[in-house]
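Given next are the chains, with one letter for each unit.
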Amino acid sequence: MADRVTVIGWDGSPLTEAARGALGAATLVAGAAHHLTLPEIPPAAERVRLGSLALAARRIAAHRGTAAVLADGDPGFFGVVRTLRDPEFGLEVEVVPGVSSVAAAFARAGMPWDDAQVVVAHPRTLRRAVNVCRAHPKVAVLTAPGAGPAELGLLLDGVHRTFVICEELGTDNERVSVVTSDKAADHTWRDPNVVIVIGGHPGAVEGGGWIAGRDPAVGPRGWTQPDAAYGGGLGEGESELLRSAQLARLGPRTGDLVWDIGCGAGAFAVDAARAGAAVIAVDHDPAACARTDAAARAFGVQLQIVQGEAPHVLENLPEPDVVRVGGGGAAVVSAVADRRPQRIVTHAATRDAAELVGRDLTEHGYHVECALLQSVELDTRAWTETERSVAFLLSGELPRRETPR
């Protein structure tokens, strides 16, 4: 095992005395190609070009001597330190940090970033990173080959965002560009790069000055809000208690994409967006779409609203993680099941209708649950009944082996 491992963050500025000392004593130095040309590296030191971090970590663990690892920015922030400290390799490391590439990118843009979400995009996580960009007005994306600005722009189709693209930060080839998301695919971008994704209506409020990223204290408490918060007059499938049950069954979270089909007044769509998920709200009624947009602005959340008739309008939408079907019946539920979201939730007014939907979900390979929900609202001044509602709540979940995306 290596006698000593020092991880050095490099941000393009001159190396600190501690970093120079660690490099000068190293008998093995690992880093990217541009790191391995630094003059401070001893000529006799073994040089390992970083490709697979796991392979490099094994080589360092097997080395007899002193090792140094060079990495861009802060190696403890989505960097190599996590891999090197993995119990598989048993390495204890010292870290000499540099300025993180995210901090450098926001500095170049002249923007604060305590209210930003930060995500890593590579081909396996690109879709979830895009969903975070849909859901939040300020996101920093640490990209990778095959999951860069062009791919981000293509997957954000229908959602307007502004990209601040920072290429090769800290090098002589550094370049900062500002483009709209729909134009990002028209260019070739150099790696490595960081993309700051900005957009959304001015009603969105993120940073509260006490916690990094999205402030969870923004907005009223509660998974769902009372019907009156959405102006009243909600449809039968939008009652607060039914929405609460649907939200609990779907469990939307950051990185998910939710479809809300038959969004009505937008109550469920807003509830899901407040949970941190990206939401596409669909309705054939222009008035419902306008009302949903007004609700999103009032609660400061980001929604993509699509007017059209389901199931046909669903064909060109990006793949969902979870779906609420608020209208359209069995035909729409069947079309949704064809897209294989992890979970689907809907409601029915009668047992026969519930059975029809449930059988179709079962035929699609979903595990189906159905419950009869009854609620009675009381006027607590006189403790008299004011409203009674009954609905069958149906949910379908794919077996776990089919759920990864």
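Structure's up top.
These numbers were taken from a predicted model, which means no experiment stands behind them. (Residues numbered from 1 in each chain as written. Predicted model: local features only at pLDDT ≥ 70, side-chain atom pairs only at ≥ 80, totals over all residues. Heavy atoms only, no water.)

**Q** Help me understand the nonpolar core, please; the structure alone is not making it clear to me.
**A** Generally speaking, a soluble globular protein has its nonpolar side chains buried in company with each other. Of all hydrophobic cores here, the largest spans 27 residues; its most connected members are Trp259, Ile261, Leu314, Val325 and Val336. Contributing elements (two or more residues each) for this core: strand 11 (257-261), strand 12 (278-283), strand 14 (322-325), helix 10 (329-338), strand 15 (343-348), helix 11 (351-363) and strand 17 (384-397). When residues in this core are grouped by element, the largest group, four residues, is from helix 10. Beyond its immediate chain neighbours, meaning those up to four positions away, tryptophan 259 contacts Ile280, Leu314, Leu317, Pro318, Pro320, Val322, Val323, Arg324, Val336 and Arg339. Counting 26 residues, the second-largest nonpolar core is a separate cluster that includes Tyr230, Ala269, Val270 and Leu303. (Core = buried A, V, L, I, M, F, W, Y, C linked by side-chain atoms within 4.5 Å. Buried < 20%, exposed > 50% of the residue type's maximum accessible area, 1.4 Å probe, protein only. Helix = DSSP H or I, 4+ residues; strand = E, 2+ residues; numbered from the N terminus. Contact = heavy atoms within 4.5 Å.)

**Q** Just checking my understanding: could you explain a nonpolar patch on the surface for this structure?
**A** A contiguous nonpolar patch, built from Phe77, Phe78, Trp113 and Val120 and spanning about 340 Å² of accessible area, is present on the exposed surface. Here phenylalanine 78 lies in the loop between strand 4 (66-72) and helix 3 (80-84). Phenylalanine 78 gets classed as exposed once you look at its relative accessible area, which sits at 52%. (Patch = residues over 30% accessible without salt bridge, like charges linked within 9 Å, V, L, I, M, F, W, Y side chains within 5 Å. Areas by Shrake-Rupley, 256 points an atom, 1.4 Å probe, with all protein chains shown as cover. Salt bridge = Lys/Arg side-chain N within 4 Å of Asp/Glu carboxyl O.)

**Q** Any chance you could explain the packing of aromatic side chains here in plain terms?
**A** Two numbers describe a pair of aromatic rings. These are the distance of the centres and the angle of the planes. Applying the stated criterion to the full structure yields three aromatic pairs. Look at phenylalanine 106 and tryptophan 113: their rings are 6.0 Å apart centre to centre, the planes differ by 10°, and that puts the pair in the stacked class. Residue class for tryptophan 113 comes out partly exposed when judged on its relative accessible area of 31%. (Phe/Tyr/Trp six-rings, centres within 6.5 Å; stacked < 30°, edge-to-face > 60°.)

**Q** Looking at this structure, how should I read the sheet that holds strand 6 (residues 117-120)?
**A** Hydrogen bonds along the backbone pair up the strands of a sheet, which may run parallel or antiparallel. The five strands are arranged 6-7-10-8-9 in an open sheet whose pairing can be described as mixed. Only two strands of the sheet have a single partner each, and these edge strands are strand 6 and strand 9 (175-180). Taking each pair of neighbouring strands and ignoring which way they run, the sheet shows an average axis angle of 20°. The strands that helix 5 (residues 126-135) touches are strand 6, strand 7 (138-142) and strand 10 (193-198); relative to strand 6, the one it contacts most, it runs at about 160°. (Pairing = 2+ DSSP bridges. Axes fitted to C-alpha atoms, helices over the stretch in contact; angles between N-to-C directions.)

**Q** What's the story with the environment of glutamate 174 in this structure? I'm lost.
**A** Of note, glutamate 174 is situated in the loop between strand 8 (162-167) and strand 9. Residues glutamate 174 and glycine 65 lie 109 residues apart in sequence; the distance between their C-alpha atoms is 35 Å. Not counting residues up to four positions away in its chain, the partners in contact with glutamate 174 are Arg108, Glu167, Glu168, Leu169 and Arg190. A distance of 2.7 Å separates a polar atom in the side chain of glutamate 174 from a polar atom in the side chain of arginine 108. Engagement of the side chain of glutamate 174 in a polar contact is seen with the backbone nitrogen of glycine 170, the distance being 2.8 Å. (Polar contact = N/O pair within 3.5 Å; in protein donor to acceptor, adjacent residues only side chain to side chain.)

**Q** Explain the pattern of salt bridges to me, please; I cannot follow it from the model alone.
**A** By the definition in use, this model includes 21 salt bridges. One salt bridge in this structure joins aspartate 115 and lysine 138, with 2.9 Å as the shortest N-O distance. A residue pair is termed long-range when its members are at least 10 positions apart, and aspartate 115 in the loop between helix 4 (101-109) and strand 6 and lysine 138 in strand 7 qualify at 23 residues. A residue is classified by how much of its surface remains accessible, and lysine 138, at 11% relative accessible area, is buried. Put simply, arginine 175 and glutamate 167 hold a salt bridge, and the shortest N to O gap is 2.6 Å.

**Q** Before we go on, may I ask you to explain the layout of surface pockets in this structure?
**A** Over the atoms, a rolled probe matching the size of one water molecule traces out where space is still vacant. Counted as a void, the largest pocket has a volume near 1,400 Å³. Per-class residue counts for the lining of the largest pocket are 21 nonpolar, 14 polar and eight charged. Computed from the structure, the second largest pocket encloses a volume of approximately 520 Å³. Taken together, 23 residues form the lining of the second largest pocket, with Glu236, Ser239, Ser375, Glu387 and Ser389 sitting closest to its centre. At the level of elements, helix 7 (240-250), strand 15, strand 16 (367-379) and strand 17 are the ones that each hand at least two residues to the lining of the second largest pocket. Of the residues belonging to the lining of the second largest pocket, the class tally is eight nonpolar, eight polar and seven charged. (1 Å grid on protein atoms, 1.4 Å probe; cavity = no way out; pocket = protein on both sides within 12 Å on 5 of 7 lines; lining within 4 Å. Points joined across faces, edges and corners; volume = space filled by probe spheres on them. Nonpolar A, V, L, I, M, F, W, Y, C, P; charged D, E, K, R; others polar.)

**Q** Can you help me understand the sheet that holds strand 17 in this one?
**A** In spatial order, the strands read 13-12-11-14-15-17-16; together these seven strands make up an open sheet with mixed pairing. A strand with exactly one partner marks an edge of an open sheet, and here the two such strands are strand 13 (304-307) and strand 16. Here the average twist between neighbouring strands, direction ignored, is 20°. The sheet contact formed by strand 12 and strand 13 spans four bridges and is parallel.

**Q** Sorry, what's going on with the state of the cysteines here?
**A** In a disulfide, the sulfur atoms of two cysteines are covalently bonded to one another. In this structure the tally under the stated criterion is zero disulfides. With no disulfide of its own, cysteine 263 lies 5.3 Å from the sulfur of cysteine 289, the closest cysteine sulfur. Cysteine 263 gets classed as buried once you look at its relative accessible area, which sits at 0%. (Disulfide = S-S within 2.5 Å.)

By themselves, these are just geometric observations and shouldn't be taken as functional.
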